[in-house]
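# Working through the structure, step by step
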Amino acid sequence: MMELHPETLTWTALLGTWMDYARASVAAPKDAEGDRWRAAVPAVINLQAVTFALADLARLPVEDRPLARDRAELLIVDNAAKLHELWRGEEMPESLIEISEDARAALERSVFTGAVELVFEGPGTMVMPAAPIDGEEGTLAIMQPGTIVMPGEPVAWWVERDGSPIAQAVPGCRQREVNMPRQVYRQLDEEGRITGDVVAPLDAELPPGMPLLVPLYEQGRPIGHFTLEA
């Protein structure tokens, strides 16, 4: 028997769904609504293909990912526009809206492909030391020097850059790959004393508190700086 790979099964199942959808569209009534559904087949397939392909972005070399994301964005914008044009003046079906939104969400998540968190393991607390931040490539968020760190909290995360100088400068930490980096939100009482921290993924609902990881670079662009002395 042929050896089966999970990624092949995923695309095979998707191909079967597309074939079923194409057959159903051919059988649609010969009226304006049926014509719209038939004309929408290529855009729907393109949007779903981009969504699935973005989930496999980690298979590409790091240097090829920005171009792949740019191409994906163009495909999403173009095919979503085609659907809107087909349903101009009519209410677009919820299923098509979801397909476009899924593609845009996949594009937003793809900027974190290959993300690495640097997590403080403890025991006890740690005062964040100054770490070397060499180069402006990729994306980086890091705690300011002097920040009090609790066990289990990420002190930095990066995407598409070498984070080893930071890892070497911060003791008691380990690196781990993540699908979505996290932010640490410090909870303070009315007198400014620490009452606890909330650690949440960046795509989670925004919790209350003061964010501790400062975004310094986004895809090679400086976007922030430390605001306090250690």
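Residues numbered from 1 in each chain as written. Predicted model: local features only at pLDDT ≥ 70, side-chain atom pairs only at ≥ 80, totals over all residues. Heavy atoms only, no water.

### Describing the sheet that holds strand β6 (residues 173-177)
The criterion, for reference: When DSSP locates at least two bridges between a pair of strands, those strands are taken to pair. In this text, helices come from DSSP runs of H or I with a minimum length of four residues, and strands from runs of E with a minimum of two, each type numbered from the N-terminal end.
Taken together, six strands build an open sheet; the order of strands is β6-β1-β5-β3-β10-β11 and the sheet is antiparallel. Edge strands, defined here as strands with exactly one partner in the open sheet, are β6 and β11 (221-222). Summarising the sheet, strand β3 (residues 139-143) and strand β10 (residues 213-218) pair through four bridges and their orientation is antiparallel. In the sheet register, A141 faces β10, and the bridge partner there is P215.

### A short note on the confidence of the model for the chain
Note the cut-off: A score from 0 to 100, pLDDT tells how confident the predictor is in each residue. The criterion used for residue contact is that any of the two residues' heavy atoms lie within 4.5 Å.
Residues of the chain with pLDDT of at least 70 account for 89%, and the chain-wide mean is 88. In the predicted structure, residues 1-9 sits below a pLDDT of 50 and forms one contact with residues beyond four places in sequence or in another chain.

### Observations concerning the pairing of strand β8 (residues 194-201)
Pairing of strand β7 (residues 182-188) with β8, which is carried by seven bridges, proceeds in the antiparallel orientation. Looking across to β8, one finds that L188 is bridged to I194. Hairpin connection between β7 and β8: a loop of five residues separates the two successive antiparallel strands, and G192 in this loop has a positive phi of roughly 85°.

### Describing the sheet that holds β7
Spatially, β8-β7-β9 is the arrangement adopted by the three strands of the open sheet, whose pairing is antiparallel. Either end of the sheet is taken by a strand with one partner, and the two such strands are β8 and β9 (210-211).

### Let's talk about the nonpolar core
Short version of the rule: We call a set of buried residues a nonpolar core when its members are Ala, Val, Leu, Ile, Met, Phe, Trp, Tyr or Cys and they connect through side-chain atoms within 4.5 Å of each other. Here the term buried applies to any residue with accessible area under 20% of the maximum for its type, exposed to any over 50%, and partly exposed to those in between, with areas from a 1.4 Å probe on protein chains only.
Judged by nonpolar contacts, the single largest core of 29 residues is most densely connected at L118, M128, M143, V155, I166 and V170. Among the secondary structure elements, those contributing two or more residues to this core are β1 (116-120), β3, β5 (154-159), α5 (164-169) and β10. When residues in this core are grouped by element, the largest group, five residues, is from β5. With near-sequence residues (within four places) excluded, I166 lies in contact with L118, A131, P132, L140, I142, A156 and W158. Residues A43, I76, L83 and I99 belong to the second largest nonpolar core, which totals 16 residues.

### Observations regarding a negative patch on the surface
To keep it simple, the criterion reads: Within the patch definition used here, like charges are joined within 9 Å and nonpolar side chains (Val, Leu, Ile, Met, Phe, Trp, Tyr) within 5 Å, considering only residues with over 30% relative accessible area and no salt bridge. Note that accessible areas follow from Shrake-Rupley with a 1.4 Å probe, and for residues the cover is restricted to the protein chains shown. The rule for a salt bridge is simple: a side-chain nitrogen of Lys or Arg has to be within 4 Å of a carboxyl oxygen of Asp or Glu. By the counting rule applied here, Lys and Arg register as positive and Asp and Glu as negative, while His and the ends of each chain are not counted. All charge positions are set by atom: Lys at NZ, Arg at CZ, Asp at CG, Glu at CD.
Residues E91, E94, E98, E101 and D102 make up a contiguous surface patch of negative charge. Tracing the backbone through its elements, the reader meets D102 in helix α4 (residues 94-110).

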